[in-house]
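Working through the structure, step by step
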Amino acid sequence: MPRKKQFAVDDVKQKAMLAFWDQGYRGTSLQDLVKIMGINRASLYDTFGDKHTLFIETLHNYNDTYAKPFFTRLRRTNSPRQAIIALFDEICDGILKGEEQNGCYIVNTALEMSPHNAEVSRIVNRIFAYVEKSFFRKMIEQGQASGEISRAVIPTTTSRTLLSLLIGLRVLSRNNPERALLNSFKAQVKAFLPPGDHATSPTPVSVRRNHRKVHVNFVCAG
């Protein structure tokens, strides 16, 4: 009979993700993973196959467990225009508090791995597409339908531009950007989303995210 695993797969996968997030794929050795995950090499190979397969698992885990719930929460607790604004506000606030110095797991992966690995590139692009189409574009279209966002805004072009701003902000977050630069990002987002005829004043929602618990890091995406 096969031996019963003495660890929770989801828990050790989470620990592996944090290791890759902190040190990058190339900077994380098998010995690092064994130590951080609290399992031996035989268990790692038996459960995940190898380092690369484990890494791919963490990307899927990040998207399903952190990124998608994060965007769902933004949609649920804000009007469409304010959901987009709140996304950038939360990231900028986290940077100023020193909570975003590791950047975004998906953006970090895109920079390190996508140019050299087709499988990783496909996963990263799929997550970026989700953020662009299922969040930015949908929020713009819903905001226009309700009159919160001007009809002059072109949803496809603007959603792609907002994704580019988000990725750029995530890259900058690793270098402790000054408040003035962060404010320019926030102002640019609002400029891309001029209010419509029926825009209302935002109702603040007191929901604070924990950097490593709920992340888009994008997300780009925690």
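Going by the structure above, here's the rest.
Report follows, based on the coordinates. (Residues numbered from 1 in each chain as written. Predicted model: local features only at pLDDT ≥ 70, side-chain atom pairs only at ≥ 80, totals over all residues. Heavy atoms only, no water.)

With respect to the overall build of the protein chain
A tally of regular secondary structure across the protein chain gives nine helices and zero strands. Looking at the protein chain residue by residue over its 222 residues, the buried ones come to 48%. As presented, the protein chain carries roughly 11100 Å² of accessible surface, and 50% of it is formed by carbon and sulfur atoms. (Helix = DSSP H or I, 4+ residues; strand = E, 2+ residues; numbered from the N terminus. Buried < 20%, exposed > 50% of the residue type's maximum accessible area, 1.4 Å probe, protein only. Areas by Shrake-Rupley, 256 points an atom, 1.4 Å probe, with all protein chains shown as cover.)

Describing the nonpolar core
Grouped together as the largest cluster of nonpolar side chains are 60 residues, with contacts concentrated most on Ile84, Leu87, Phe88 and Phe136. Among the elements that line this core, the one with the most residues is helix α7 (residues 118-146), at eleven residues. Those residues within four positions of Phe136 in sequence are excluded, and the remaining contacts are Ile84, Leu87, Phe88, Val131, Ser159, Leu162, Leu163 and Leu166. (Core = buried A, V, L, I, M, F, W, Y, C linked by side-chain atoms within 4.5 Å. Contact = heavy atoms within 4.5 Å.)

A word on the packing of aromatic side chains
Two aromatic rings are characterised by how far apart their centres lie and by the angle between their planes. Applying the stated criterion across every chain, the model contains 13 aromatic pairs. A ring pair is formed by Phe20 and Phe55, whose centres lie 5.0 Å apart and whose planes are at 80°; its orientation type is edge-to-face. One end of the pair, Phe20, is in helix α1 (residues 9-23); the other, Phe55, is in helix α4 (residues 51-77), with 35 residues separating them in the sequence. Each member of the pair, Phe20 as well as Phe55, is classed as buried. Ring pairs connect the aromatic residues Phe20, Trp21, Tyr25, Phe55, Tyr62, Tyr66 and Tyr105, which therefore count as one cluster. The positively charged end of Lys51 is found above the aromatic ring belonging to Tyr25, 4.3 Å away from the centroid. One Lys or Arg, Lys68, reaches over the ring of Tyr130 and ends 5.4 Å from the middle of that ring. (Phe/Tyr/Trp six-rings, centres within 6.5 Å; stacked < 30°, edge-to-face > 60°. Lys NZ or Arg CZ within 6 Å of the ring centre and 35° of its normal.)

Structural notes on unusual backbone geometry
Positive phi, normally seen in glycine, also occurs at Asn176, with a value near 50°. Relative to the elements of secondary structure, Asn176 occurs in the loop between α8 (155-172) and α9 (179-192). Residue class for Asn176 comes out partly exposed when judged on its relative accessible area of 48%.

A word on α7
Between the first and last C-alpha of α7 there are 40 Å, a value that for 29 residues agrees with the 42 Å anticipated at 1.5 Å per step. Lys138 marks where α7 bends most, by close to 30°. A side-chain oxygen of the first residue of α7 lies 3.1 Å from the backbone nitrogen of Glu119; this N-cap is Asn117. (Expected span 1.5 Å × (residues − 1). Bend = angle between axes of the 7 residues up to and from the residue. Polar contact = N/O pair within 3.5 Å; in protein donor to acceptor, adjacent residues only side chain to side chain.)

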